[in-house]
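The residues making up each chain are set out below.
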Amino acid sequence: MGRDDADALVIEKALRDLPATTRRAFLRQAALLGVATAAPVLIRRPVLVTAAPGPRRGGTVRVTGHHEISSLSPDDDGPSVHRTIITQIHNALLEVNEHFVLEKVLAENYVVSRDGLTYTFTLRRGVRFHDGREFTAEDVKYTYEFYGNPANGTVKAPLYTGIDRITIPDKYTVVVRLKEPNAAFLRRVATQFIVPAHYHSRVGERAYKGAPIGTGAFRLKEWRPAEYTVVEAFDQHFRGRPHIDQFREDIVPEASVRAIALRTGQADSAVWPLLAEDNLRFAADPNYTVFKTASLAVNHFPLNNDHPVLSDKRVRQAMMYAVDRQRLIDDVFKGTAVLATSNLAPSLQPWYNPNVKQYPYDPARARALLEEAGWRLGPGGVRTKDGRRASFTCVTITGDRARRPEAEVVQQDLAAVGIEMRLVERPVATILAQLPKGEMDASLFNWTYGGTGGEPDASDTLRSDAARNFSRFKNPRVDELLAAGLRATTTSQRRRIYHEIQAIVAEEVPFLFIMYWDWYNIFSKRIKGLPTTALQGDTALYRLAYRWWIE
């Protein structure tokens, strides 16, 4: 055994002996060992445990996320690290599985009227909330009416547009009557997680964000937003008690530390992808179960379209030409992504439109557009116009080491054509709150603008009044098309509508659409009960934790 091997064994043993505490404890321990967390560490492969037949009961599954879990409300389930826990606590009438298929969960059955205006749901009986109260039709009515009411300031209110009335003929039947057909109703509304009317109406949404009660397989045990969240098995869950005792998500911003935790057995999975080189390394390692799927969330720079510099479409188009996106994919992400052409992913067939305005890397074209827009080179190589410098600030997520290099490359590309992009870091909750209000210039993260659950509707992000309209994009034609897309009843009608939306987004560039990642979900081999295949990863896999067991 060489010196390196001996050192590696010492490090490996120490990391394995870490207590089940937080990332901070992990980092402190690493520091005591003299290990730089971002530096490569030689760790032997974990020892494989021989599989035992049949599910075992007990144990804690530990996963890692990259930013704080600021809310546990179904209204805030957009970020993957949030939804991974929220889906353990709650259920919906219908849920989209890992193959994009709708599954009946709290609904035992449903019928859609011939005119597409009436949805009748028959509820599963004998379902209990975590406080022991029975789940009934009243909870569905309350949930839909609360989150669908814009006066409540909910993020998802636009999804409920067009609901005429909700009636509950009896304790186990819900009838939703629409004013007009809504093609996305089943995948965008019926998949809303249900909250208990008796509890939520008493404590309010604000308190509910930190103390949720659902019908899920796990109930909240402990929530420390920036450190960890633990949920424990719910004995009265309608599908039976989960095999595992607890599901825990630790917050570990540094991707390299998440990789070490996974390699040393301190974590069973990483909710958010690791660095590209680590994803590829784990994918080639037979000691791990790896799901590689196509992401539906665009990696993008939302831009404040009201900003004095960014409000000019020619400036935004110039930025698209100025950024060498293929180099980002090849160098930063090791080829594990595809170029974005607009708001929908190439994998989202049949809705994807490849015939939109293209932006090949062309800094000369970028400079020409900026000149045309009146931006002239000024002191320090930064363009100016009417006494204003072509400068703005991009806010990246605190500790996001996977995308920070991407931001730095884009910063250099923009500087080359005379645009200054300053970089600062803020927590994700701050970004999500301030960006749609126009209190930030720009940011960098991944988000779906249509595509959730396979549904192309983007009303919650592209509509002028959408709460998640991060770029403050206002386009009457897009608003009109989004409404028409919900009313359309055939796939061919809808395809034409969503193709036009993509063409407009490509032309207007409300945000810099960079790429769609290959999505890697990596699991320790000790986790059993995983599906054998998946067309979508991310939380579509973690929602299945109620089936898992540990060997």
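Residues numbered from 1 in each chain as written. Predicted model: local features only at pLDDT ≥ 70, side-chain atom pairs only at ≥ 80, totals over all residues. Heavy atoms only, no water.

## Considering empty space enclosed by the protein
Taken as a whole and judged by the stated rule, the model has 4 cavities of 30 Å³ or more. Counted as a void, the largest cavity has a volume near 1,000 Å³. Contributing to the lining of the largest cavity are 48 residues, with Asp77, Gly78, Arg83, Thr448 and Thr452 lying nearest its centre. Of all the secondary structure elements, the ones that give two or more residues to the lining of the largest cavity are α3 (80-89), β2 (94-96), α5 (185-189), β12 (288-302), α13 (428-434), β19 (442-447) and α17 (539-542). Counting residues per element, the lining of the largest cavity draws most heavily on β12, which supplies 5 residues. In the lining of the largest cavity, the residues fall into 18 nonpolar, 17 polar and 13 charged. (1 Å grid on protein atoms, 1.4 Å probe; cavity = no way out; pocket = protein on both sides within 12 Å on 5 of 7 lines; lining within 4 Å. Points joined across faces, edges and corners; volume = space filled by probe spheres on them. Helix = DSSP H or I, 4+ residues; strand = E, 2+ residues; numbered from the N terminus. Nonpolar A, V, L, I, M, F, W, Y, C, P; charged D, E, K, R; others polar.)

## Here's the deal with the sheet that holds strand β15 (residues 383-385)
Taken together, 3 strands build an open sheet; the order of strands is β14-β15-β16 and the sheet is antiparallel. With one partner strand each, in any of the chains shown, β14 (376-377) and β16 (388-389) form the two edges of the open sheet. Examined bridge by bridge, β14 and β15 share 2 bridges and lie antiparallel to one another. Bridge pairing in β15 links arginine 376 to threonine 384. (Pairing = 2+ DSSP bridges.)

## Things to note about helix α10 (residues 325-332)
Along α10, the positions that sit buried rather than exposed are Arg325, Leu328, Ile329 and Val332. Down the axis of α10, the smallest arc covering the buried residues is 110°, so these residues share one side. Taken together, the buried residues of α10 touch α8 (276-283), α9 (313-322), β13 (337-339), α12 (404-415) and β20 (511-524). Once α10 ends, the next one or two residues include lysine 334, with phi positive near 55°. (Buried < 20%, exposed > 50% of the residue type's maximum accessible area, 1.4 Å probe, protein only. Arc of directions from axis to C-beta. Contact = heavy atoms within 4.5 Å.)

## Section: the packing of aromatic side chains
This model, assessed by the stated rule, comprises 26 aromatic pairs. Across the ring face of tyrosine 228, the terminal group of arginine 248 is positioned such that the distance to the ring centre comes to 4.1 Å. Taking NZ or CZ as reference, arginine 494 lies 5.4 Å from the ring centre of tryptophan 351, over its face. (Phe/Tyr/Trp six-rings, centres within 6.5 Å; stacked < 30°, edge-to-face > 60°. Lys NZ or Arg CZ within 6 Å of the ring centre and 35° of its normal.)

## Considering the packing of α9 against helix α11 (residues 363-372)
Closest axis-to-axis distance for the α9/α11 pair is 7 Å, and the angle between their directions is 165°. Judged on the interaxial angle alone, α11 and α9 are roughly antiparallel. Between α9 and α11 the crossing geometry is left-handed. Taken together, the residues of α11 that come into contact with α9 (itself represented by Arg314, Val315, Gln317, Ala318, Tyr321 and Ala322) are Pro363, Arg365, Ala366, Leu369, Leu370 and Glu372. When the residues that make up the contact of α9 with α11 are grouped by side-chain class, the tally is 8 nonpolar, 1 polar and 3 charged. (Axes fitted to C-alpha atoms, helices over the stretch in contact; angles between N-to-C directions. Parallel < 35°, antiparallel > 145°, perpendicular 65-115°, else oblique. Left-handed = near helix turned anticlockwise from the far one by under 90°.)

## Regarding the confidence of the model for the chain
For the chain, per-residue confidence averages 90 on the pLDDT scale, and residues scoring 70 or more make up 90% of the total. Scored below 50 in pLDDT, residues 1-51 makes 69 contacts in the model with residues more than four places away or belonging to other chains. (pLDDT = per-residue confidence, 0-100.)

## Here we look at the pairing of strand β17 (residues 391-397)
Where burial is concerned, most of β17 is hidden: 7 out of the 7 residues are buried. Note that β17 and strand β18 (residues 420-426) share 7 bridges and pair parallel. The partner of valine 395 across the bridge, within β18, is valine 424. Handedness of the crossover joining β17 and β18 through α12: right-handed. Inspection of the sheet shows β17 paired to β19 by 3 bridges, in the parallel sense. Paired with cysteine 394 across the strands is alanine 442, a residue of β19. (Right-handed = clockwise from strand over helix to strand, strands pointing away.)

## What to know about the sheet that holds strand β5 (residues 118-123)
Strand order in the open sheet made by the 4 strands is β4-β5-β7-β6, with antiparallel pairing throughout. Two strands close off the open sheet at either side, each with one partner strand: β4 (107-112) and β6 (163-170). Averaged over all adjacent pairs, the angle separating strand axes in this sheet is 15°, with direction ignored. In this sheet, strand β7 (residues 173-178) lies alongside β5 in antiparallel orientation, the contact comprising 5 bridges. When the bridges of β7 are listed, threonine 118 appears paired with arginine 177. Its contacts with the sheet place helix α4 (residues 137-147) against β5, β6 and β7, and it is angled at close to 170° to β6.

## Some points on the pattern of salt bridges
In total, this model carries 41 salt bridges according to the counting rule given. Notably, a salt bridge pairs aspartate 164 with arginine 165, separated by 2.7 Å at the nearest N-O pair. On the basis of relative accessible area, arginine 165 is assigned to the partly exposed category, the value being 46%. Across the pair arginine 404 and glutamate 408 runs a salt bridge, and its minimum N-O distance is 3.2 Å. Taken together, the residues span about one helical turn, with arginine 404 and glutamate 408 both in helix α12 at a distance of 4 residues. Taken together, the salt bridges that share partners define one network made up of Arg401, Arg404, Glu408 and Glu425. (Salt bridge = Lys/Arg side-chain N within 4 Å of Asp/Glu carboxyl O.)

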